[in-house]
Amino acid sequence: MTKETTKLTLAAVTATVAVAQTDSTAINKAVETLKTYDWGDDPETLKPIDRAIIATHGDTAARMALEKRLVEALNGGISRSALDYVCRRLRIVGTRQSIEALAALLPSEDTSHIARYALERIPDEKAVEAMRNSLPKVSNKLKPGIIGSLGKRRDKKSIQAISNLLSDPDIQVAKAAAESLAMIGTPDAANELSKFAKKASADMKIPVADACLMCAEQFMASGQKSEAVALYNEFKSDDQPAQVKAAAMKGIITAATKK
Amino acid sequence: MENQKSKQAKNRGTFHSRRTFLKATAASVALPYLVPASVMGNAGSTAPSNRIVMAGIGIGNMGRGDQGNFLGRDDVQYVAMCDVKRDVREWSKNQIDEKYGNKDCKAYNDFREIMVRDDIDAVHCATPDHWHAIIVIEACRNGKDIYCQKPETRTLREGRLMIDAARRYSRVVSGGSQRVLEDYRKIVDPCWNGDKGIIKSINVNVGPFPIDCNKKGEPVPEGFDWDMWLGPAPWAPYHPHRCSGSYNINGESWRSFKDYSGGGMTDWGAHHFGGATFAIDVRELEPEEVIFHNENGRKFATCRYPNGKLIHHNYPGRGNMDVEGTNEKGPSKPVPDYAGTGGIYGDFIDCVKTRRRPFRDIEFAIHTATVCHLFLVAYELERSLKWDTANQRFIDDDEANRLVDAARREPWVI
């Protein structure tokens, strides 16, 4: 037995003890229930799992053991309703060990969103990587969701791929790309938005202007005043919608008066 | 004929200028813009070209009342509405057309069609809560002022995004609780008059918490765009309780369920905590800590503000809106009130005209919603949490931070 295996075995034993302390019979029953759980069933039957989530807070091994059981359920061909329940709980307790199972759900129109429901909130770079890798593979219908989640995670490695989608003929994809780059908010993201703004179609004019203004606000907040003003200057002309022009002018004035 | 044409052109010119002005004028940085009463037609009836052109989004239940209030105003021209239920659209359009004696009102299934209309100055929104942030932000982007029903947010993260959009475009954005001022005046006045001395705390009793919905699917009624109703929320099969707009918060309306609402904690909480933050004068602040108590199975919680003031939730032995102060006579200060006439609706319209911030300015409304959500996260995790207002994150609690927001269903992104 290697040192690592011994460590894992010990962790599993500790976990079992901790979970036992939170009423293992009830948890076992609830996990078993997941196999047949469907729309119309009483959510109360799954409450022991919720209680275990609270009870195992701060006990990494117990949490990992609980998470493992949820992942096993996820991989076990459960109903959409059960899958929905599991992903919501992995949103709270999910770690690296959930990511592969969740990533497998990303390409399906039935499960992509609920997989992101967990993945978007798991603070592990592998979760971001899973979403980033799925972007070129998913349908246009699903792309806005993945793009949005990558934006929320401020994934700099996705800037180029998302920028390429600014000119996508599918307006939902293009709008999501603008919004996402605004959330990433780095100079590179702003630069891509700025370049695109000059050739944006009528229906992308406001989304891309808004995204640039959001980037400028982030620059201001991080003390990059000249970068912010440069961006504001691009949107102060008369060919911009009145509210965009006013927002840009307001930004310029704010920058000028900010110490 | 020629004269009439030139008169119309002249009116359009004035109208356009006024609209451009409304879109471009800063509510937050400009001096109040006082439109002379004669210009607005307040000396008699409002000139049609100077009415605030409005549309409504989400006209079931509260939206129906909101539409009636705005429609009844002489200084509003109501031109369009949107709802994902065909029967609601038909009812609403009929009401509007009847009021004006024409068939001009446009009825939409998709709110984005309202947002791109340049002739609309302001909208009101009374959709379920999971739609509020998306609609408010989209309205601001498109240069529209917006009155949004309470509770304004479904997640903590949404609040700051809404405030930022409002400030970015200098929009007038009003939250929707009329009770904050109208129901709680009797609690607020003694506090602001100094009758309670130095205020230490207030208690709010409200609930219940939102629940999961696992109801079995039924056929979607004809004329109901179920996918659009769900919008950014996770997909689920149609069930009438899931989407009922009734005021029930015990499992038979959307207000009960986590995906669409914060349950009674945000639904009634928006009123009670709104009144509480007003009474103890912390509307401009967010709590820095939420303290979870579990005394022999009795759970309650307390939000602590940076100035030391406390808002308790369900504190044992204390009544709803029960204020604790030092009880010596303290200094008094004037109590803020609505502008204009016609309650919270009149306040919003007056602010649209003057570019002042409304009584229920989005920032105050969000700070109330934040209190509700902080309590919800603390109760869900059953522990005390520290809140970093500047960064909108919990301090040293990655698990709690996962609950600051939820992934939205495609194509909805904010």
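Residues numbered from 1 in each chain as written. Chains lettered and ligands numbered in written order. Predicted model: local features only at pLDDT ≥ 70, side-chain atom pairs only at ≥ 80, totals over all residues. Heavy atoms only, no water.

The next thing to look at is the overall build of chain A. Each helix and strand counted, chain A has 15 helices and zero strands in total. Computed over its C-alpha atoms, the radius of gyration of chain A comes to 23 Å, more than 25% above the 18 Å expected for a compact globule of 259 residues. Considered along the principal axes of its C-alpha atoms, chain A spans approximately 70 × 40 × 35 Å. Burial status across chain A gives 53% buried among its 259 residues. Counting contacts in chain A only where the partners sit at least 6 residues apart, residues at least 24 apart contribute 59% of the total. For chain A, the computed accessible surface area is about 11700 Å², with 55% contributed by carbon and sulfur atoms. (Helix = DSSP H or I, 4+ residues; strand = E, 2+ residues; numbered from the N terminus. Rg over C-alpha atoms; globule rule 2.2 N^0.38 Å. Buried < 20%, exposed > 50% of the residue type's maximum accessible area, 1.4 Å probe, protein only. Contact = heavy atoms within 4.5 Å. Areas by Shrake-Rupley, 256 points an atom, 1.4 Å probe, with all protein chains shown as cover.)

Bringing the interface of chain A and chain B into the picture now. Across the boundary between the two partners, chain A contributes 49 residues, which contact 47 residues of chain B. Surface buried jointly by chain A and chain B totals about 4100 Å² across both partners, of which 51% is contributed by carbon and sulfur atoms. Of all residues in chain A, the largest losses of buried area upon contact with chain B belong to A:Trp39, A:Gln243 and A:Lys250, amounting jointly to 17% of the total for that side. One can count nine salt bridges joining chain A with chain B. Between A:Arg116 and B:Glu410 there is a salt bridge whose closest N-O contact spans 2.8 Å. (Buried area = accessible area lost by both parts, 1.4 Å probe. Salt bridge = Lys/Arg side-chain N within 4 Å of Asp/Glu carboxyl O.)

Here the focus is the pattern of salt bridges. Enumeration over the complete set of coordinates arrives at 55 salt bridges over all chains. The salt bridge partner of B:Glu289 is B:Arg304, with a shortest N-O separation of 3.1 Å. One end of the pair, B:Glu289, is in strand 8 (residues 289–295); the other, B:Arg304, is in strand 9 (residues 298–304), and 15 residues separate them in sequence. Using a relative accessible area of 17% as the deciding quantity, one classes B:Glu289 as buried. In the salt-bridge network here, residues are joined through shared partners; they are A:Glu120, A:Arg121, A:Lys152, B:Arg157, B:Glu158, B:Asp405 and B:Arg408.

Looking now at the confidence of the model for chain A. On average, residues of chain A score 93 in pLDDT, and 92% of them reach the 70 mark or higher. Counted against residues more than four places away or in other chains, residues 1–17 of chain A, with its pLDDT under 50, gives seven contacts. (pLDDT = per-residue confidence, 0-100.)

Let's shift gears to the packing of helix 5 (residues 132–141) of chain B against helix 6 (residues 156–168) of chain B. Residues and elements named next belong to chain B. Viewed as axis vectors pointing N to C, helix 5 and helix 6 meet at an angle of 15°, and their least axial separation amounts to 9 Å. The orientation of helix 5 relative to helix 6 falls into the category roughly parallel. Relative to helix 6, helix 5 is oriented so that their crossing is left-handed. On helix 6, the residues that touch His132, Ala133, Val136, Ile137 and Cys140 of helix 5 are Glu158, Leu161, Met162, Ala165 and Ala166. Across the contact of helix 5 with helix 6, the residue classes tally to eight nonpolar, one polar and one charged. (Axes fitted to C-alpha atoms, helices over the stretch in contact; angles between N-to-C directions. Parallel < 35°, antiparallel > 145°, perpendicular 65-115°, else oblique. Left-handed = near helix turned anticlockwise from the far one by under 90°. Nonpolar A, V, L, I, M, F, W, Y, C, P; charged D, E, K, R; others polar.)

Residue and element names in this part refer to chain B. For the structure on display, the rule yields 22 aromatic pairs over all chains. Judged by centre distance (5.3 Å) and plane angle (85°), the ring pair of tryptophan 226 and tyrosine 238 falls under edge-to-face. You can see tryptophan 226 sitting in helix 9 (residues 226–230) and its partner tyrosine 238 sitting in the loop between helix 9 and helix 10 (240–243), a full twelve residues away along the chain. Taking relative accessible area as the criterion, tyrosine 238 reaches 10% and is therefore assigned buried. Over the ring of tryptophan 91 we find arginine 64, and its NZ or CZ is 3.9 Å from the ring centre. (Phe/Tyr/Trp six-rings, centres within 6.5 Å; stacked < 30°, edge-to-face > 60°. Lys NZ or Arg CZ within 6 Å of the ring centre and 35° of its normal.)

The next subject is the pairing of strand 1 (residues 52–57) of chain B. Residue and element names in this part refer to chain B. The element strand 1 is extensively covered by neighbouring structure, given that six of its six residues are classed as buried. Every second residue of strand 1 is oriented toward a common face, with Ile52, Met54 and Gly56 on one face and Val53, Ala55 and Ile57 on the other, all of them buried. Two strands pair when backbone bridges link them, and strand 1 and strand 2 (residues 76–82) are joined in this way by six bridges, in the parallel orientation. Pairing of valine 53 across the sheet is with glutamine 77, part of strand 2. Crossover connection from strand 1 via helix 2 (residues 62–71) to parallel strand 2: handedness right-handed. Looking at chain direction, strand 1 and strand 4 (residues 122–125) are connected through four bridges and run parallel. The residue bridging methionine 54 from the neighbouring strand is alanine 122, located in strand 4. (Pairing = 2+ DSSP bridges. Right-handed = clockwise from strand over helix to strand, strands pointing away.)

Residues and elements named next belong to chain B. For glutamate 158, the position within the fold is in helix 6. Taking the relative accessible area as the measure of exposure, glutamate 158 reaches 2% and is therefore buried. At 2.8 Å, the side chain of glutamate 158 forms a polar contact with the side chain of arginine 408. Sequence-distant contacts of glutamate 158, that is, excluding residues within four places in its chain, are made with Ala133, Thr153, Asp405, Arg408 and Ile414. (Polar contact = N/O pair within 3.5 Å; in protein donor to acceptor, adjacent residues only side chain to side chain.)

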